[in-house]
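Coordinates in review
Here's the letter readout for the chains.
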Amino acid sequence: MTTSFDLTPRDIGSILEGPASTRLRLELCGRGLTVSEGDKVVRGQPLARAEREGGGRLHSPLDGVVEKVGGDTVVLKSEPREGPRKKPDIEVPDEPLARLRAFGVDSFGLCPARTLVVNGLEPEPGVKTHAAILMHRRDELLAGLDLLREAVRPARVVLALPRGVDTVFDAQSAGFEVHLVDPVYPAGLMPLVVRSVTGRENPSEVAAISVSRLLEAGRVAQGEPVTTTVLTAGGKVFEVRIGTPLADILDAAGLRVAGADVVAEGGVMRGAAQYDLSRGVDKGVQALTVVPSARVAHCEDAPCVNCGECVRRCPARIMVGLMTRHAEFGYHEKALEYDLDSCIECGLCGYYCPMRRPLLQYIRLAKSELSLQGLYPGSAASASSGTEGEAA
Amino acid sequence: MSSQPLLTVRFPPFVHSGRSWARMNIDLLAALVPALVAAVFWFGLDALRVVALSGAVAVAADALAERLLGREPRINDASALVIGVLFAFLLPAGAPWWLVVSGSALSTLLGRQVFGGAGGNPLNPAVVGWAVCKISWPTQMTPDFAMLDTTLDYPLAHLKYFGPGYAGDFPLWDLLLGGQLGGLGAVQVLPLLLGGAYLLWRGVIRPHVPLAFLLGTALTATFFHLLWPDQTLGAAFHLLTGSAVFAALFLMPECASSPVTRWGMLIYGVFGGTMVVIIRHWGIYPDGAPFAVLLANLATPLLDRIRPKAFGKGRHA
């Protein structure tokens, strides 16, 4: 059964409120915890500081108590607040990018630049997160844009929108230049959007940000830290608190899960499959997808027959077959010579491979091994959550 | 976690296009059926015997080799059967059983098993087997000697030994329909063209290699004919005789031995097509097509280097 690669968001409803779970399970993702078990927390209070350069802090999405700390997770239990709401004590740095980070927004890909590209295309087929945000959160987006202008000081701000759905947002009056892109996957991935807007690949004086992250910046501009994420699940768009158990979100979306299904944070092409539905949703997740077991693709430990299908489909013009053969046998540096670093991880190669080779896995393995040796920019942790800086 | 079902955890993408190597090989076999039917029509049940024997031996030899070499057997993908059938198509219908068995086994063993199995072959396996047989047993491999009780002629031998005046008498329509000697399946030009059209429609092969090959053959033949009109024949003759069309559609585009880049494929095709006419004109063999395939295969790694720079590199950055 062929997947539709159409990125046109359809039936964009309103943004629904996420489930009111009493317990939130937040993944630290390597951040350093600054609270301990038993501490009382208020909504917006910082919980963990970023250890990665450019990473944002983690804040509590609820009023309550730190129930349990373990592994890389912190469980918060909601408790009614005693007394009036106190504004959480967060020092506000002057420098705009530092301010973003202090309030929970990652600042990857943002730096002073001549052009600021805002990606309004959906990252994967079936997702309508960006469209819903554009339609319903205009004021926050504009507030975020002001903060971004301070940080990036661009001469030009371009909003990339999917062709055919450009009416969801009145960009002209907001001061955006609009650039229309044909909404076919993988056109929504950041490097390809930047190329479509600027005509160049990985240009140096361009800063890029997704509409999701612009919304987060808008929250910061209004003085609030990031405590929620807007995601698409079951055809509806929700704003859920970070750490909401996946099971609760699936229930709210009306998604049933059966044995051997795949439940992924993200979409079918680039998502991260989960094994525990009590896990809390990560910050920045834009979709929650269930793939029924009958549709889940299997992989095989098969040799490459050099059919060239992957090479034809690769949007990054990489000799994928040859490159992944090197990664398969541990010749990661040779894989780098064959343009491993140009890969944008769209997953099309593995989708079309007639031998069902785990191509994206070989690519991520090579990137991970090389980054451990310091030979590849980026972090090995990006392989797990699929958010390499910002992919889309 | 106890009440939730057991989920599948794998890396993305979680869906697949459905394209499979096994189905591509079966499509290839299906595309060869019209030519097989035509071969039986022209050469009798001997043709069927040769193809069946060759296919069976290829599959058996491949499976045995995989077992001995400790690899997982890949019988299900029909790729060994394809090699056996393609090899058989290059043989004269009167080939003796021991030739069929040796050649077919050599095709899979020497053609790809020693190189690591499926996907490892630098040369087209069927042509490797053919080349070994052609050089070891030239008499049995020559259609005129192997097919004594037939009224059909071998046009390329006529061209080489009797000259264009004699060979030019072949009506082109007869050549198209397969009324000639040569490889039992390779000379069934019209059925092969139909099979090739099917493969193009199914996306099993791309048009670049076959078209470039036929163009190379046609242009070189035309060019030679302009230079030496008394010693050569034109493009139509060369395209419709021997294994030219068979090579273009079924031998040259073999995955592991052909380039994957667009310009690589085009140059590969033209090079092969040109070599067909060059070998036919100056070589000692009446038909140069299978050797042209091997020569083109050797150029593949070099031709694969003709490719655009990857994302973010070169002039795009």
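Here's what I pulled together on the structure shown here. Keep in mind that this is a model prediction, so the values were computed, not measured.

All names here are of chain B. Where nonpolar side chains cluster on the molecular surface, the patch consists of F41, W42, W173 and L177 and spans about 470 Å² of accessible area. Listed by contribution, the elements that provide at least two residues to the nonpolar patch are α1 (21-43) and α10 (172-177). For W42, the location among the structural elements is in helix α1. Take W42: its relative accessible area is 32%, and that puts it in the partly exposed class.

Tallying the contact residues gives 65 residues for chain A and 40 residues for chain B. On the chain A side of the contact with chain B, E201, R317 and M319 of chain A bury the most area, a combined 13% of that side's loss. Here R19 of chain B makes a salt bridge to E309 of chain A, at a shortest N to O gap of 3.4 Å. Our count for the contact surface shared by chain A and chain B stands at 25 residue pairs in polar contact (both at pLDDT 80 or more). If you list the elements that add at least two residues to the side of chain A that touches chain B, you get α5 (190-198), β15 (262-265), β16 (272-274), α8 (309-313), α11 (348-352) and α12 (359-372) of chain A. Broken down by class, the residue content of the side of chain A that touches chain B amounts to 37 nonpolar, 14 polar and 14 charged.

Residue and element names in this part refer to chain A. On the basis of which strands lie adjacent, the open sheet formed by three strands has the order β3-β5-β6 and antiparallel pairing. Taken across any chain shown, the strands that pair with only one partner, and hence form the sheet edges, are β3 (32-33) and β6 (58-59). The pairing of strand β5 (residues 46-49) with β6 spans two bridges and is antiparallel. Along β6, the bridge assignment pairs A48 with L58.

Another aspect to go through is the sheet that holds strand β11 (residues 177-181) of chain A. Residues and elements named next belong to chain A. Spatially, β11-β10-β9-β12 is the arrangement adopted by the four strands of the open sheet, whose pairing is parallel. The open sheet is flanked by β11 and β12 (206-210), the only strands paired with a single partner. For this sheet, the mean inter-axis angle between neighbouring strands, taken without regard to orientation, is 25°. Here strand β9 (residues 115-119) pairs with β12 via five bridges, running parallel. Each bridged residue has a counterpart across the sheet, and for L116 the counterpart in β12 is A207. Each of β9, β10 (156-162), β11 and β12 is contacted by α5, which is oriented at about 125° to β12, the strand it contacts most.

Now for the packing of aromatic side chains. Between two aromatic rings, the relevant description is the distance of the centres plus the angle of the planes. Applying the stated criterion across every chain yields a total of 15 aromatic pairs over all chains. Geometrically, the ring pair formed by Y198 of chain B and W201 of chain B is tilted, given 6.1 Å between the ring centres and 45° between the ring planes. One end of the pair, Y198 of chain B, and the other, W201 of chain B, are both in helix α11 (residues 189-202), three residues apart, so they sit about a helical turn from each other. By way of ring pairs, the aromatic residues F5, Y185, Y351 and Y352 of chain A are connected into one cluster. Between the NZ or CZ atom of R10 of chain B and the centre of the ring of F11 of chain B, over which it lies, the distance is 4.7 Å.

For the rest of this paragraph, the subject is the packing of helix α2 (residues 129-136) of chain A against helix α6 (residues 211-221) of chain A. All names here are of chain A. At a closest axis distance of 9 Å, the pairing of α2 and α6 adopts a crossing angle of 40°. With respect to α6, the element α2 is oriented oblique. Judged by residue contacts, T129, H130, I133 and L134 of α2 engage V211, S212 and L215 from α6. Taken together, the residues that form the contact of α2 with α6 break down as four nonpolar, three polar and no charged.

Let us look at helix α16 (residues 289-303) of chain B. Residue and element names in this part refer to chain B. Look at α16: 20 Å from first C-alpha to last across 15 residues, which is about the 21 Å you get at 1.5 Å a residue. Taking burial as the measure, the 15 residues of α16 include eleven buried ones, the bulk of the element. All buried positions along α16 are accounted for by A289, P290, F291, A292, V293, L294, A296, N297, A299, T300 and L303. Check the buried side of α16 and you find it contacts α3 (79-90), α5 (125-136), α14 (244-251) and α15 (262-282).

A few words now on the pattern of salt bridges. Evaluated as defined, the whole model comprises 32 salt bridges over all chains. K367 of chain A is the partner of E345 of chain A in a salt bridge, and the nearest nitrogen-oxygen pair spans 3.1 Å. On the criterion of sequence distance, the pair formed by E345 of chain A in the loop between α10 (332-337) and α11 and K367 of chain A in helix α12 is long-range, its members being 22 residues apart. A salt bridge links E66 of chain B to R71 of chain B; the shortest N-O distance between them is 4.0 Å. Because the salt bridges share partners, they merge into one network encompassing E309, R312 and R313 of chain A together with R19 and R206 of chain B.

Before going further, it helps to spend a moment on the pairing of β10 of chain A. Residue and element names in this part refer to chain A. Extensive coverage of β10 is indicated by the burial of six of its seven residues. The pairing of β9 with β10 spans five bridges and is parallel. Bridge assignment links L116 to a residue of β10, and that residue is V157. Note that β10 and β11 share five bridges and pair parallel. From the neighbouring strand, V158 faces β11, where its bridge partner is E177.

Attention now moves to the nonpolar core. In terms of nonpolar packing, the biggest core is built from 129 residues, with F43, F89, L184, F246 and F250 of chain B touching the most fellow members. Of all the elements, α1 of chain B adds the most residues to this core, at ten residues. Beyond its immediate chain neighbours, meaning those up to four positions away, F246 of chain B contacts L32, L86, F89, L90, A186, L192 and L251 of chain B. Ranked by size, the runner-up nonpolar core spans 54 residues in total, among them I15, V157, L214 and V226 of chain A.

Residues and elements named next belong to chain B. Packing of α1 against α3 brings their axes to within 9 Å, and their N-to-C directions diverge by 25°. As judged from the angle between their axes, α1 and α3 are roughly parallel. Considering the relative orientation of α1 and α3, their crossing is left-handed. Touching W21, N25, L28, L29, L32, A35 and L36 of α1 are S79, L81, V82, V85, L86 and F89, all from α3. Within the contact of α1 with α3, the residues separate by chemical class into eleven nonpolar, two polar and no charged.

Definitions and cut-offs
- Residues numbered from 1 in each chain as written.
- Chains lettered and ligands numbered in written order.
- Predicted model: local features only at pLDDT ≥ 70, side-chain atom pairs only at ≥ 80, totals over all residues.
- Heavy atoms only, no water.
- Patch = residues over 30% accessible without salt bridge, like charges linked within 9 Å, V, L, I, M, F, W, Y side chains within 5 Å.
- Areas by Shrake-Rupley, 256 points an atom, 1.4 Å probe, with all protein chains shown as cover.
- Salt bridge = Lys/Arg side-chain N within 4 Å of Asp/Glu carboxyl O.
- Helix = DSSP H or I, 4+ residues; strand = E, 2+ residues; numbered from the N terminus.
- Buried < 20%, exposed > 50% of the residue type's maximum accessible area, 1.4 Å probe, protein only.
- Contact = heavy atoms within 4.5 Å.
- Buried area = accessible area lost by both parts, 1.4 Å probe.
- Polar contact = N/O pair within 3.5 Å; in protein donor to acceptor, adjacent residues only side chain to side chain.
- Nonpolar A, V, L, I, M, F, W, Y, C, P; charged D, E, K, R; others polar.
- Pairing = 2+ DSSP bridges.
- Axes fitted to C-alpha atoms, helices over the stretch in contact; angles between N-to-C directions.
- Phe/Tyr/Trp six-rings, centres within 6.5 Å; stacked < 30°, edge-to-face > 60°.
- Lys NZ or Arg CZ within 6 Å of the ring centre and 35° of its normal.
- Parallel < 35°, antiparallel > 145°, perpendicular 65-115°, else oblique.
- Expected span 1.5 Å × (residues − 1).
- Core = buried A, V, L, I, M, F, W, Y, C linked by side-chain atoms within 4.5 Å.
- Left-handed = near helix turned anticlockwise from the far one by under 90°.

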